[in-house]
Amino acid sequence: MALVGSPNSGKTTLFNALTGLRAKTGNYPGVTVTRYQGTALTDGEPVVLEDLPGTYSLAAISPDEQIVSAVLDPDDATTDTPDALLVTLDVTTLRRSLRLVAQVLRRGLPVTVVVTFTDELTRRQGHLDLPALGRALGVPVLAVVGGRRQQLGELRALMADPGAWARPVVPPPAAPEEVTAWIDSVLATAGYAAPQLDARTRRLDAVLLHPVWGTLVFFATMFAFFQVIFAVAAPLQAGIETAFAWLGDLVRENVGVDWLAGFIADGLIGGVGGVVVFLPQIALLFVLISVLEGVGYLARAAFLMDRVMARAGLEGRAFVALLSSFACAIPGIMATRTLPSTRDRIATMMGAPLMTCSARLPVYVLLIGLLVDPGARVGPIGAQGLVMFALYLVGAVSAMLTAFLFSRIGRSGAPALPFYMEMPPYRIPSVRSVLLAVWDACRGFLSKVTRIILGTTIVLWLLLNLPATSTAELQAAGVDPADSAAVASYTIDHSFAADIGHFVEPVFEPLGFDWRINVGVLASLSAREVFVATMGQVASATNPDDPAQALADLRVQDGPRAGEPLFTAPVLAALLVFFLYALQCMSTIAVLRRESGSWRWPAIAFTYLFALAWTMALLARTVVGAVT
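**Some points on the overall build of the protein**
Scanning the protein from N- to C-terminus turns up 28 helices and eight strands. Counting only C-alpha atoms and orienting by the principal axes, one finds that the protein spans roughly 95 × 50 × 50 Å. Residue burial in the protein is summarised as follows: out of 628 residues, 53% are buried. Looking at the protein as shown, the accessible area adds up to about 26700 Å², and 63% of this sits on carbon and sulfur atoms.

Written out as structure tokens, the structure is:
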């Protein structure tokens, strides 16, 4: 059995309620861009339920719509056709939604129509006779609002025996003018009165959709968030740092084998703890995103940016994909399936990695903390939040410029296909939906820490601590074997990691990076957060009691800058800009390969972004160096 419906019709919410899963939902179109499967319990046998991408029509113009069209086509041998369909109808947009219903009914499969948002229809003085709608369509019709348990019980009973569902005696017509007449007849039979325009929505949209005021509100909202992310998260971050420092001390005091104590305290606890400490910022980021989705604001942002995207040769759906990349580039790249044009999909994919994803957040917070004093302010505005906002803004502008440049490649001059986006009503998101979104994000972050980052951290510890140094070697080098900090510093400076870092120095030396930063940059290719773990291990080895201060105290070991602080303002600026532009995520590269169908575009993306990151980092170091 499959779920079919227009974007933002409540389809995925119903899927989650029936299966107990937590597929991504949001109060804006285009959230579901792939197929999800789950098992729904019914009064009979369990039913395998599939959530298909949202579509306005079975006449597909984009890859996600092609998925739906192929699944519902009994003659398509490339995919299995479901035994029955649940079609969700947003009752507030019933006239438009019935066009899709007409196309679905002509496929000849058993259909039950699930009407959603009836509570909103009532609130806005609309009317619908559900039994009459069922008679007009010739299929079962039920109302389900927000996954209410009683209404779900009726639906589960129906799902147990789709063979008994009523079917239309005569399928709806196919000709467009006849479909219009059929829709008029259905609406008249069902006594449908369209909901009145919501006065609250009208007043808010007058401001939020205004090309000037709406844009100012958008930037003000983002700006305020980056002030909050430092002010609110800082105490929580300090608490996590204290907890991990205590764990490290506990290990050193109770593990009698020096190398094992160092591995657990510095490698595992120091490395992983150095990343986990940024969990509060991750949580706050997703609180903002989930609230903006839930209230219906992101659809307005896409509408506003459609004008900007049009100048870049793209359209609003491209902005929805780029907006999704704020959380992670992977769903953003997958969201390009909603774009009808192959050229537009590739252009948007090339720009998506430049949107500042949550993986960059720990790196930004670490480096901004080293660059900007926590008490520094520009008038009443915190300087750290101002720098963070600037990085997000530059990333977004760069993503759009990149998409614009790639959209020029192979341009045929053909007119763009129409862009449909339903403006959802403003809704107060449920606390549960916000908490689930934040929990899923934090769980994904912690899962990444325990899988990718933990594995990389172990390898890094080995590279930073091997080959082992004998007492004779230490004494010959003038290092007191009893001085643990001096021994750790000597070991790291003569480790395999140091050899690797020195090997790539010709590439990064113009940016002011030394071998320790080089190792962190190379390690971050597995996941950007690993850079933080690498610096955490280096700092823990030199000063386990105060790793943050240890990073600030690191000195350049050789070359013309020998003896100077490693993390000067020009170097920190270069690092921030490098991480802003570089494609340092193997998962993103793999998804680019899958969505583009070849290794050509991932190779192009990695190469051009590395060259851009290096060039812009050099420029940042030069400019900041000239003014400091």
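**Overview of the sheet that holds strand 3 (residues 47–51)**
Taken in spatial order, the six strands of this open sheet run 2-3-1-4-5-6, and their pairing is mixed. Two strands in the sheet have a free side with no partner beyond their single neighbour: strand 2 (36–40) and strand 6 (141–143). Each strand axis lies, on average, 30 degrees off the axis of its neighbour in the sheet, ignoring direction. Summarising the sheet, strand 1 (residues 2–5) and strand 4 (residues 85–90) pair through four bridges and their orientation is parallel. Residue pairing for strand 4: Val4 is matched across the bridge by Val87.

**Things to note about the pairing of strand 4**
Successive side chains on a regular strand alternate, one facing one side of the sheet and the next facing the other. Counted residue by residue, strand 4 has six buried out of six residues, so it is predominantly covered. Of the two faces of strand 4, the one holding Leu85, Val87 and Leu89 and the one holding Leu86, Thr88 and Asp90 are both buried throughout. For strand 4 and strand 5 (residues 111–116), the ladder comprises six bridges, and the chain directions are parallel. Its bridge partner being in strand 5, Leu86 is matched across the sheet by Thr112. With respect to chirality, the unit in which strand 4 leads through helix 3 (residues 94–105) into the neighbouring parallel strand 5 is right-handed.

**Observations concerning the environment of Ile289**
Examined against the element boundaries, Ile289 turns out to sit in helix 11 (residues 279–295). The contacts of Ile289, once residues within four sequence positions are left out, are Leu298 and Ala327.

**Side note on unusual backbone geometry**
The residue after Leu466, namely Pro467, is reached through a cis peptide bond having omega 0 degrees. If you trace the backbone, Pro467 turns up in the loop between helix 18 (431–465) and helix 19 (471–476). The backbone phi angle of Phe117 is positive, close to 65 degrees, even though this residue is not glycine. Checked against the element boundaries, Phe117 lands in the loop between strand 5 and helix 4 (118–123). Although it is not a glycine, Gln125 adopts a positive phi angle of roughly 60 degrees. Along the chain, Gln125 falls in the loop between helix 4 and helix 5 (130–137).

**Focus: the packing of helix 26 (residues 569–581) against helix 28 (residues 600–627)**
Running from N to C, helix 26 and helix 28 point in directions that differ by 155 degrees, and their axes come no closer than 8 Å. By the angle class used here, helix 26 and helix 28 are roughly antiparallel. Between helix 26 and helix 28 lies a crossing whose hand is right-handed. Here Ala569, Pro570, Ala573, Ala574, Val577, Phe578 and Tyr581 of helix 26 come into contact with helix 28, specifically with Leu609, Phe610, Leu612, Ala613, Trp614, Met616, Ala617, Ala620, Arg621, Val624 and Gly625. Residues of the contact of helix 26 with helix 28, tallied by class, amount to 16 nonpolar, one polar and one charged.

**Quick notes on helix 21 (residues 496–503)**
The set of residues buried in helix 21 consists of Ala497, Ala498 and Gly501. The buried residues of helix 21 occupy an angular sector of 100 degrees when projected down its axis, which confines them to one face. Packing partners of the buried residues in helix 21 comprise helix 18, helix 20 (484–493), helix 22 (505–508) and helix 23 (515–523).

**Quick notes on the environment of Val217**
Within the secondary structure layout, Val217 lies in helix 9 (residues 213–254). What makes Val217 partly exposed here is its relative accessible area of 27%. Along the primary structure Val217 and Ala310 are separated by 93 residues, whereas in three dimensions their C-alpha atoms are 21 Å apart. Once residues within four sequence positions are removed from consideration, Val217 is found in contact with Val207, Leu208 and Tyr297.

**Some words on the packing of aromatic side chains**
One pass over the full model with this rule turns up twelve aromatic pairs. Between Phe406 and Tyr608 the ring centres are 5.4 Å apart and the planes differ by 55 degrees, which places this aromatic pair in the tilted class. Here the residue Phe406 occupies a position in helix 17 (residues 383–407), and Tyr608 occupies one in helix 28, the gap between them amounting to 202 residues. Taken as a pair, Phe406 and Tyr608 share a single burial class, namely buried. Taking 6.0 Å as the distance between ring centres and 80 degrees as the angle between the ring planes, the aromatic pair formed by Phe508 and Phe578 counts as edge-to-face. Here the residue Phe508 occupies a position in helix 22, and Phe578 occupies one in helix 26, the gap between them amounting to 70 residues.

**Overview of the pattern of salt bridges**
As a working rule, side chains carrying opposite charge can pair if their charged atoms are close by. This structure, assessed with the given rule, holds nine salt bridges. Here Arg124 ties to Glu120 by a salt bridge, and the two come within 3.1 Å at their closest N and O atoms. An identical accessibility class is assigned to Arg124 and Glu120; each is buried.

**A closer look at a nonpolar patch on the surface**
Nonpolar side chains collect at one region of the surface, where Val207, Val212, Trp213 and Leu216 lie side by side and expose about 390 Å² of accessible area between them. Since its relative accessible area comes to 46%, Val212 is described here as partly exposed.

**Things to note about the environment of Pro195**
Topologically, Pro195 is positioned in the loop between helix 7 (176–189) and helix 8 (199–208). When the C-alpha positions of Pro195 and Asn8 are compared, they lie 17 Å apart, and in sequence the two are 187 residues distant. Setting aside its immediate chain neighbours within four residues, Pro195 contacts Thr92, Leu121, Arg124 and Gly126.

**Describing the nonpolar core**
Judged by nonpolar contacts, the single largest core of 125 residues is most densely connected at Met350, Tyr364, Phe513, Ile517, Phe531, Phe567 and Leu575. The dominant element in this core, judged by the number of residues it contributes, is helix 26, at eleven residues. Dropping the residues within four chain positions of it, Phe531 is found in contact with Val363, Leu366, Leu367, Ile517, Gly520, Val521, Ser524, Leu575 and Phe579. The next biggest cluster of nonpolar side chains, apart from the first, holds 36 residues, and it includes Val91, Val139, Val186 and Ala190.

Cut-off values and rules
Residues numbered from 1 in each chain as written. Predicted model: local features only at pLDDT ≥ 70, side-chain atom pairs only at ≥ 80, totals over all residues. Heavy atoms only, no water. Helix = DSSP H or I, 4+ residues; strand = E, 2+ residues; numbered from the N terminus. Buried < 20%, exposed > 50% of the residue type's maximum accessible area, 1.4 Å probe, protein only. Areas by Shrake-Rupley, 256 points an atom, 1.4 Å probe, with all protein chains shown as cover. Pairing = 2+ DSSP bridges. Axes fitted to C-alpha atoms, helices over the stretch in contact; angles between N-to-C directions. Right-handed = clockwise from strand over helix to strand, strands pointing away. Contact = heavy atoms within 4.5 Å. Parallel < 35°, antiparallel > 145°, perpendicular 65-115°, else oblique. Left-handed = near helix turned anticlockwise from the far one by under 90°. Nonpolar A, V, L, I, M, F, W, Y, C, P; charged D, E, K, R; others polar. Arc of directions from axis to C-beta. Phe/Tyr/Trp six-rings, centres within 6.5 Å; stacked < 30°, edge-to-face > 60°. Salt bridge = Lys/Arg side-chain N within 4 Å of Asp/Glu carboxyl O. Patch = residues over 30% accessible without salt bridge, like charges linked within 9 Å, V, L, I, M, F, W, Y side chains within 5 Å. Core = buried A, V, L, I, M, F, W, Y, C linked by side-chain atoms within 4.5 Å.

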